[in-house]
Amino acid sequence: MKSLILVLGDQLSASLSSLRAVDPATATVLMAEVMGEATYVPHHKKKIAFLFSAMRHFAEDLRKRGFSVRYVTLDDPDNSQSLFGEVRRAVADLQPGNIVVTEPGEYRLMQEMRSWQRKLNRPVEIRGDDRFLCTPDEFREWAKGRKQLRMEFFYRDKRRRYEVLMEPDGAPTGGQWNFDQDNRKSPPKGLKGPKRVSHRKDAIVNAVLDMVEERFGDHFGTLRPFHFAVTAEQAWKEYEHFVEKVLPNFGDYQDAMVAGEPYLYHSLISSYLNAGLILPLQVIRRAEKAYRDGKAPLNAVEGFIRQILGWREYVRGLYWTQMPGYAERNHLNAKRPLPRYYWDGKTKMACMAAAIGDTIEHAYSHHIQRLMVTGNFALLAGIEPKQVCDWYLLVYADAYDWVELPNTLGMALYGDGGLMASKPYAASGKYIDRMSNFCGSCAYDVKRSTGDKACPFNALYWDFIARNEKVLKGNPRMTTIYASWNRMDEGKRQDLRQAAADVLGRLDAL
Ligand code: FAD
Ligand code: DLZ
Ligand code: SF4
């Protein structure tokens, strides 16, 4: 039987389930660049350029493997500009016996695909995505009957199951599951990240960059210079460089933030992992080998592996078991609109200007900037989760609903009431000052909480605590904070709340 295999833009893996057990001689692979996917949120220019370049390269690789590939470019005059439209057109032209696809990463597309069999009057086989290390059903089973879901226990299960950093007697390597007490140092003065690999741009990339400039010129972010790897080979080369030169310091400076240093000691592999250019287990095994070979310390390797084997799989499990209701949650009833500087980075707050500026330039900012700067500010100011989530989904090259939503709505905004995080990641300017060098060059004074010059995070922090007291007070991890707030002199509390009201009154002008 002739099969039509649809490969999506984030399914660029040679071992993809939909490409297995089909005869390249009779199957046709369909890949399509469509406005529907490029604009369901108006993605960062670099994200579109990265994905279209990687898609075109992947199509070439498939042809070399003997597949017949029907690749529809964005400017093909017959392009219907939707994935379903392109599947329907291919079905009409090729009359395949069935359609095969690996399950999509996003709920909205999965819902849509479920109707394709009826609409196309042909079997549509949706295969599981075994590039991930935990299926949604396995996650559901793990979560069943647990009073509280905690990533740490999920992660330990996965360490045992995949025998990662485990000793033959079943104990975790180094005698502990987690070495975070050795990690997360404040940045020393002058801290700089190592130089990164850059890739030669070929004709495919240059053609895509020109097209993106022309067709998506009004989208968020700068397009050039463009440094992304766009093939599996380039992505792996970049990762090898990370393992050798960067990983040894990953743990130490995981939470550090330095002006002008967007990458520091992070891996920059999320876009490659999420598009399928490199695979999580391959990445994890390579990092473990670096430890076993004595090339990187355990605190760095364990911390790094936890992000991928733990957090990445945990957020996906949560997404698929909580959707569709999850996207609508707003536990703290936050309603304010997103301030305008999220779009242009023009704010006097040095930390926000840096995090948003990096995002505009690189379609990237690292975890602590996302969580403790832009995310924390949105949490403290009570910005509506939907607006914040849409922003995160469109500005980062690694953003897909399955990973962005739990991180933003759950981890950063506490919108799920504690499924992702056991307490809100709310912090005043003091945290940012400890973990960065931003405050020294800021127009605001991190030591002040009231007055025109006061760091906006400070009063907003206490106002957040006060206005959410009813919802958060019962949380045992908030007891100390509420004890401090309630011990505070009434006059001071009133001053802080008035200062917060002033800040919120001029939110767009900070
Ligand atoms: P590193 O710090 O080097 O970490 C290594 C890898 O671990 C990452 O590449 C990533 O695959 C994985 N990882 C680390 N933390 C997480 C996490 N919390 N959830 C899932 N995977 C994780 N990550 C995305 O891939 N896509 C998103 O859309 C996304 N949105 C986020 C939104 C918010 C508000 C926050 C707080 C975090 C978000 N993250 C997202 C998680 C994390 O910030 C990024 O994975 C990370 O910054 C990517 O940079 P890196 O590859 O240099 O990561
Ligand atoms: C993100 C994205 C973009 C910008 N464009 C396309 C596209 O033109 N064609 C395609 O197949 N996929 C694209 N993607 C990735 C999809 O949005 C992604 O596959 C779904 O969101 C499921 O995760
Ligand atoms: Fe950010 Fe406040 Fe520090 Fe300025 S003073 S950089 S606003 S934390």
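These figures come from a predicted structure and were not determined experimentally.

Conventions adopted
- Residues numbered from 1 in each chain as written.
- Chains lettered and ligands numbered in written order.
- Predicted model: local features only at pLDDT ≥ 70, side-chain atom pairs only at ≥ 80, totals over all residues.
- Helix = DSSP H or I, 4+ residues; strand = E, 2+ residues; numbered from the N terminus.
- Rg over C-alpha atoms; globule rule 2.2 N^0.38 Å.
- Buried ≥ 20, exposed ≤ 12 C-beta atoms within 10 Å, placed from the backbone.
- Contact = placed C-beta atoms within 7 Å.
- Near = placed C-beta within 6 Å.
- Nonpolar A, V, L, I, M, F, W, Y, C, P; charged D, E, K, R; others polar.
- Domains from an automatic or database assignment.
- Pairing = 2+ DSSP bridges.
- Axes fitted to C-alpha atoms, helices over the stretch in contact; angles between N-to-C directions.
- pLDDT = per-residue confidence, 0-100.
- Parallel < 35°, antiparallel > 145°, perpendicular 65-115°, else oblique.
- Left-handed = near helix turned anticlockwise from the far one by under 90°.

**Regarding the overall build of the protein**
Part 1 of the reasoning: Helix and strand counts for the protein stand at 22 helices and five strands.
Part 2 of the reasoning: By the compact-globule yardstick of 24 Å for 510 residues, the protein fits well, its C-alpha radius of gyration being 24 Å.
Part 3 of the reasoning: A principal-axis box enclosing the C-alpha atoms of the protein has dimensions of 80 × 55 × 45 Å.
Part 4 of the reasoning: Across the 510 residues in the protein, those meeting the buried criterion constitute 46%.
Part 5 of the reasoning: Look at the contacts in the protein between residues 6 or more apart in sequence, and 76% of them connect residues 24 or more apart.

**Looking at helix H16 (residues 385-395)**
Part 1 of the reasoning: Across the 11 residues that make up H16, a large majority, eight, are buried.
Part 2 of the reasoning: Here H16 has its buried residues at Pro385, Val388, Cys389, Trp391, Tyr392, Leu393, Leu394 and Val395.
Part 3 of the reasoning: Check the buried side of H16 and you find it contacts helix H13 (341-344), helix H14 (350-362), helix H15 (367-381) and helix H17 (401-412).

**A look at the site of ligand 3**
Part 1 of the reasoning: Around ligand 3, the structure places 14 residues, and the nearest of them are Cys351, Gly429, Cys439, Cys442 and Cys455.
Part 2 of the reasoning: For the shell around ligand 3, the secondary structure elements donating two or more residues are H14, helix H18 (429-435) and helix H19 (456-467).
Part 3 of the reasoning: A per-element tally of the shell around ligand 3 places H18 first, with three residues.
Part 4 of the reasoning: Residues belonging to the shell around ligand 3 are distributed by class as follows: 12 nonpolar, one polar and one charged.

**Considerations on the domain arrangement of the protein**
Many authors give the size of an interface as the accessible area that is lost as the parts come together.
Part 1 of the reasoning: Looking at the protein, the domain boundaries give domain 1 (3-127), domain 2 (136-196 + 228-322) and domain 3 (341-509).
Part 2 of the reasoning: Taking only C-alpha atoms, the centre of domain 1 and the centre of domain 2 are 30 Å apart.
Part 3 of the reasoning: Contact with domain 1, which involves 10 residues of that partner, is made by nine residues of domain 2.
Part 4 of the reasoning: Here the residues of the side of domain 1 that touches domain 2 are counted per class, giving five nonpolar, four polar and one charged.

**Remarks on the sheet that holds strand E1 (residues 3-6)**
Part 1 of the reasoning: Pairing is parallel across the open sheet formed by five strands, whose spatial order is E3-E2-E1-E4-E5. Because the sheet does not close on itself, it has two edges, and the strands there are strand E3 (68-72) and strand E5 (124-127). Strand-to-strand, the axes of this sheet are offset by a mean angle of 25 degrees, without reference to chain direction.
Part 2 of the reasoning: Strand direction decides the pairing type here: E1 and strand E2 (residues 28-32), joined by three bridges, are parallel. The residue bridging Ile5 from the neighbouring strand is Val29, located in E2.
Part 3 of the reasoning: Against the sheet, helix H2 (residues 45-64) touches E2 and E3, its axis set at about 160 degrees to E3.

**A closer look at the confidence of the model for the protein**
Part 1 of the reasoning: Of the residues in the protein, 100% reach a pLDDT of 70 or more, and the chain-wide mean stands at 96.
Part 2 of the reasoning: Both scores are given for the predicted complex: the pTM is 0.97, the ipTM 0.99.

**Quick word on the site of ligand 1**
Part 1 of the reasoning: As a matter of local geometry, ligand 1 sits amid 27 residues, with His266, Ser267, Gln307, Ala399 and Glu404 nearest to it.
Part 2 of the reasoning: Among the secondary structure elements, those contributing two or more residues to the shell around ligand 1 are helix H10 (270-275), helix H12 (298-322), H15 and H17.
Part 3 of the reasoning: Top element by residues in the shell around ligand 1 is H17. It accounts for six residues.
Part 4 of the reasoning: For the shell around ligand 1, the per-class residue count stands at 13 nonpolar, 10 polar and four charged.
Part 5 of the reasoning: The residue makeup of the shell around ligand 1 includes at least three contributed by each of domain 2 (136-196 + 228-322) and domain 3 (341-509).

**What to know about the environment of Tyr414**
Part 1 of the reasoning: Looking at the secondary structure, you find Tyr414 in the loop between H17 and H18.
Part 2 of the reasoning: Take Tyr414: there are 27 C-beta atoms within 10 Å of it, and that puts it in the buried class.
Part 3 of the reasoning: Through-space distance from the C-alpha of Tyr414 to that of Asp61 is 42 Å; in sequence the pair is 353 residues apart.
Part 4 of the reasoning: Dropping the residues within four chain positions of it, Tyr414 is found in contact with His331, Leu332, Leu379, Ala421 and Pro424.

**Quick word on the packing of helix H7 (residues 151-162) against H12**
Part 1 of the reasoning: Viewed as axis vectors pointing N to C, H7 and H12 meet at an angle of 120 degrees, and their least axial separation amounts to 9 Å. On the basis of the axis angle, H7 is oblique to H12. Two packed elements cross with a definite hand, and for H7 against H12 that hand is right-handed. Residues Met151, Phe154, Tyr155, Lys158, Arg159 and Tyr162 of H7 touch H12, and the partners they reach there are Arg306, Leu309, Gly310, Trp311, Glu313 and Tyr314.
Part 2 of the reasoning: Of the residues contributing to the contact of H7 with H12, the split by class is seven nonpolar, one polar and four charged.

**So, unusual backbone geometry**
Part 1 of the reasoning: Looking along the chain, the bond that leaves Arg224 and enters Pro225 is cis, with omega of 0 degrees.
Part 2 of the reasoning: Position of Pro225 relative to the elements: it lies in the loop between helix H8 (203-215) and helix H9 (232-246).
Part 3 of the reasoning: Of the consecutive residues Met323 and Pro324, the connecting peptide bond is found in the cis state with omega at 5 degrees.
Part 4 of the reasoning: Structurally, Pro324 is set in the loop between H12 and H13.

**Details of the packing of H14 against H15**
Part 1 of the reasoning: Viewed as axis vectors pointing N to C, H14 and H15 meet at an angle of 115 degrees, and their least axial separation amounts to 10 Å. Note on packing geometry: the crossing formed by H14 with H15 is left-handed. Judged by residue contacts, Cys351, Met352, Ala355, Ile356 and Asp358 of H14 engage Gln369, Val373, Thr374 and Phe377 from H15.
Part 2 of the reasoning: Residue composition of the contact of H14 with H15, by class: six nonpolar, two polar and one charged.

**A few points about the environment of Glu384**
Part 1 of the reasoning: In this fold, Glu384 is placed in the loop between H15 and H16.
Part 2 of the reasoning: A count of 18 C-beta atoms within 10 Å places Glu384 in the partly exposed class.
Part 3 of the reasoning: As for Glu384 and Leu413, which are separated by 29 residues in sequence, their C-alpha atoms are 9.2 Å apart.
Part 4 of the reasoning: Other than its neighbours up to four places away in sequence, Glu384 contacts Ala334, Lys335, Arg336 and Pro337.

**Some details on the pairing of strand E4 (residues 98-102)**
Look at any regular strand and the pattern is simple: side chains alternate between the two faces of the sheet.
Part 1 of the reasoning: Counting buried positions along E4 gives four out of five residues, so the element sits mostly inside the fold.
Part 2 of the reasoning: Here E1 pairs with E4 via four bridges, running parallel. If you follow Ile5 over to E4, its bridge partner there is Val100.
Part 3 of the reasoning: Bridge analysis of E4 against E5 gives four bridges, and the strand direction is parallel. Within E5, the residue paired with Val100 across the bridge is Glu125.

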